[in-house]
Structures are given as C-alpha cells and as structure tokens.
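Residues per chain, in single letters:
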Amino acid sequence: MPSILRIIAVLLPSFLLQGCLSTWIRMEDGTVLQPGRSDFFLAYGRVPRPKYDCGGYAVDFQSDGTVSCTDYSSIYGYGQSYNSNQDFSSSAPKTPSLVWEQEQHFAMGWRLGVLDKFGPFTGLEVGIQTEAATNPVSQEYKVAIGLPGSDSSVAHSLIGGWGTGMWADNEWFLQYAASKRFGSWRWFGSLRTTLQATQLQDLFSRDNFLHHRTWDTQAALGVKVQLGEIPIIPDWMAFGITADLSHAGYPSFQTSKMGQESGMGVAWATTMGWSW
C-alpha cells in the first residue's frame, strides 16, 4: 500500500470519531478493577433527538441555516418547465415545530485495572467508551480512582477524562459514581459534569477558529446483575437511565446549524459485558 494510503488508513478513524458531545449511556458503578483485570461491554439505548415537523408541509433548509415550511403540492403543473424568476413557494412559509424522537444508540467500552491500593485509594483503572450516533460519534478516554471506604459490597469512585473534539478543542469531564451490592445485584448511580468541545457548526467565523464550548450535567441510575462466568454468554447485564440536566437531546441531523436544545432529556440503555 502506498505510504499516503497508509497514512489515510491510520488517520481516518480518528476523523470519524469526532462527536465533540458527551456520551449519554452511563453505566459507571463506582467499582475499580483489580490490576490486570479487564471488562468489555456492548450497549443499546434510546436517546432524544429533535426533528423538524411542518405538519404536512415540506421542510426547507436555507444556506444561512434558517428553516421554513414550504407547500410543494400546488407548484407548477405536470410537465411545466421551471421558471427561475417565479416564486418557488405557493404558500407563505411558516415556522416548523420540533418533535422529539427517541433515537437508537449503540455503545461499547473497555476497562483495565492498572494499580492496586495506593495511599488512601483502593485502586486505579483506565478505560474507553465509544458511542453512536452522537454528532455523529463520540469517543472518550477515562481514568477512575477507587475512593476510601470501597469494598466488595459498597463502592464509589472519582472518574475524570477527555473526549476527542473537532480540532479546535476537546471535551473534559469529571464524574462521581457509587453503588451498593445486594447478592448478585448491584444498584448504582452517578453524577457527571462535562465541558463539551466546540461543535463543527461553531468552529468557523470568517477565516478564524473559534472556541464555543458548553457545559453539560448528567445524573444516572441503574442496576447491574452478575450472571456467572459461563463461556460465550455475558458475565453480567445492566439497565440504566440517564437524565441530562442541561440539554433536552442531541442536535438534529437535519441541519448542521442547529445546536443542542436547552432543557432536560432522558435516555435509557441496556448493556451486557464480559470480564476476564
């Protein structure tokens, strides 16, 4: 393979994973893996995303980012040629409404225990999480530290990390997670604050790069059940709900000019994982 194609093959995944926005599938339970132990999970969920609705009219996206509704049903009769000097709309534009849809989301993540107990802390692990579709894909890297008082029954940790951004800057987050085990069931919750990276639509102004970062806060609750170490089938499964306290959902894919709507959005997800 020519050297230029090799470079493209290496760099292409990093350009694709430039979501800039926080992931919404939250399954952190406050536990920290022992050194050398790994955990891998796959997740499926539903996350809110707005869609423009014109109530029977066609959605018309302008080059300046504005959106209107247009009635195409009574434009020129069949077989007539297009007259560029004639108004293309047969009705006065109206403002479209936003309809919130629960969009499918997929995620995968991997954790690795790195350090055993050190100082007052119970351990340290590193991890990665990839989630789609965000805007369009988000990839985050994290470090978790087991906090004092954690044991096999009660666990809590402090998690920090960063996500890949779209060239101008990156995403940074800090999270607290805790859980309590009852037999094979572990109930967990977390609170996370994220400084999100600049979005692509906010990146350019004239010929300059601009920083336009936003804060995002999420709270999550869930339950995880251990299934036992049986070949092939998952070692555990979990279900969780995430409430985004800052934004009602991800930006619409219908236009690149639309940002995140403020408000509160709720998502749910189910996961399965393998430990070794």
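In this text, all values refer to a predicted model and were calculated from it rather than measured experimentally.

Summing up its helical and strand segments, the chain has 1 helix and 14 strands in all. When burial is assessed residue by residue, the chain has 42% of its 276 residues classed as buried. Here the analysis covers contacts within the chain between residues at least 6 apart in sequence; of these, 63% occur between residues at least 24 apart. Here the chain has roughly 14,800 Å² of accessible surface; of this, 63% comes from carbon and sulfur atoms.

Time to look at the state of the cysteines. Applying the stated criterion across every chain yields a total of 1 disulfide. Covalently, C54 is tied to C69 through a disulfide, its sulfur atoms 2.0 Å apart. The sign of the -80° torsion about the S-S bond sets the C54-C69 disulfide as left-handed. Of this pair, C54 sits in the loop between strand 1 (38–53) and strand 2 (58–61) while C69 sits in strand 3 (residues 67–70), placing them 15 residues apart in sequence. Judged by its relative accessible area of 4%, C54 is buried. By relative accessible area, which is 1% here, C69 ends up buried.

Let us now look at the environment of T217. Assignment of secondary structure puts T217 in strand 12 (residues 214–226). Taking the relative accessible area as the measure of exposure, T217 reaches 21% and is therefore partly exposed. Distance from T217 to L174, taken between C-alpha atoms, is 9.9 Å for residues 43 residues apart in sequence. When near neighbours in sequence (up to four residues on either side) are disregarded, T217 contacts L191, R192, T193, A243, D244, L245 and S246.

With that settled, consider the side chain of D235. For D235, the location among the structural elements is in the loop between strand 12 and strand 13 (236–244). Although D235 is buried, it forms no salt bridge, and the closest oppositely charged side chain is R37 at an N-O distance of 6.6 Å. Polar side-chain contacts of D235 include one of 2.7 Å to the backbone nitrogen of S275. Not counting the four nearest positions on each side in its chain, D235 is found in contact with V225, Q226, L227, G228, E229, I230, G273, W274 and S275.

A separate point is the layout of surface pockets. Reported here for the largest pocket is a volume of approximately 690 Å³. Considering the residues around the largest pocket, the lining is formed by 31 residues, among which T31, V32, L33, S152 and R186 are closest to the centre. Looking at the lining of the largest pocket, the elements with two or more residues in it are strand 1, strand 7 (154–163), strand 9 (185–196) and strand 12. Split by residue class, the lining of the largest pocket holds 5 nonpolar, 15 polar and 11 charged.

Along the chain, A132 connects to A133 via a cis peptide bond; the corresponding omega equals 0°. Structurally, A133 can be placed in the loop between strand 5 (123–132) and strand 6 (137–146).

Right, let's talk about the packing of aromatic side chains for a bit. Under the criterion given, the structure shown has 8 aromatic pairs. With a centroid separation of 5.4 Å and 55° between ring planes, the pair formed by Y44 and F106 is classed as tilted. You can see Y44 sitting in strand 1 and its partner F106 sitting in strand 4 (residues 97–115), a full 62 residues away along the chain. Given a relative accessible area of 47%, F106 falls into the partly exposed group. One aromatic cluster is present, built from ring pairs that chain together Y44, F106, F239 and W268. A cation over a ring is seen here: K180 above F182, with NZ or CZ 5.7 Å from the ring centre.

Strand order in the closed barrel made by the 10 strands is 1-4-5-6-7-8-9-12-13-14, with antiparallel pairing throughout. Strand-to-strand twist of the sheet, defined as the mean angle between neighbouring strand axes without regard to direction, takes the value 20°. Examined bridge by bridge, strand 1 and strand 4 share 16 bridges and lie antiparallel to one another. Considered in strand 4, the bridge of P48 is made with Q102.

In this structure the tally under the stated criterion is 2 cavities of 30 Å³ or more. Roughly 270 Å³ of internal volume is contained in the largest cavity. Looking at the largest cavity, it is lined by 21 residues, and the ones nearest its centre are M27, E28, F41, R111 and K142. Only strand 1, strand 4, strand 5 and strand 6 provide two or more residues apiece to the lining of the largest cavity. It is strand 5 that provides the largest number of residues to the lining of the largest cavity, a total of 5 residues. For the second largest cavity, the calculated volume is near 40 Å³. Together, W24, I25, R26, M27, V47, G240, I241, T242, A267, W268 and A269 line the second largest cavity. Looking at the lining of the second largest cavity, the elements with two or more residues in it are strand 13 and strand 14 (265–275). Considering only residue class, the lining of the second largest cavity consists of 8 nonpolar, 2 polar and 1 charged.

Criteria and cut-off values
- Residues numbered from 1 in each chain as written.
- Predicted model: local features only at pLDDT ≥ 70, side-chain atom pairs only at ≥ 80, totals over all residues.
- Heavy atoms only, no water.
- Helix = DSSP H or I, 4+ residues; strand = E, 2+ residues; numbered from the N terminus.
- Buried < 20%, exposed > 50% of the residue type's maximum accessible area, 1.4 Å probe, protein only.
- Contact = heavy atoms within 4.5 Å.
- Areas by Shrake-Rupley, 256 points an atom, 1.4 Å probe, with all protein chains shown as cover.
- Disulfide = S-S within 2.5 Å.
- Lys, Arg positive; Asp, Glu negative; His and termini not counted.
- Salt bridge = Lys/Arg side-chain N within 4 Å of Asp/Glu carboxyl O.
- Polar contact = N/O pair within 3.5 Å; in protein donor to acceptor, adjacent residues only side chain to side chain.
- 1 Å grid on protein atoms, 1.4 Å probe; cavity = no way out; pocket = protein on both sides within 12 Å on 5 of 7 lines; lining within 4 Å.
- Points joined across faces, edges and corners; volume = space filled by probe spheres on them.
- Nonpolar A, V, L, I, M, F, W, Y, C, P; charged D, E, K, R; others polar.
- Phe/Tyr/Trp six-rings, centres within 6.5 Å; stacked < 30°, edge-to-face > 60°.
- Lys NZ or Arg CZ within 6 Å of the ring centre and 35° of its normal.
- Pairing = 2+ DSSP bridges.
- Axes fitted to C-alpha atoms, helices over the stretch in contact; angles between N-to-C directions.

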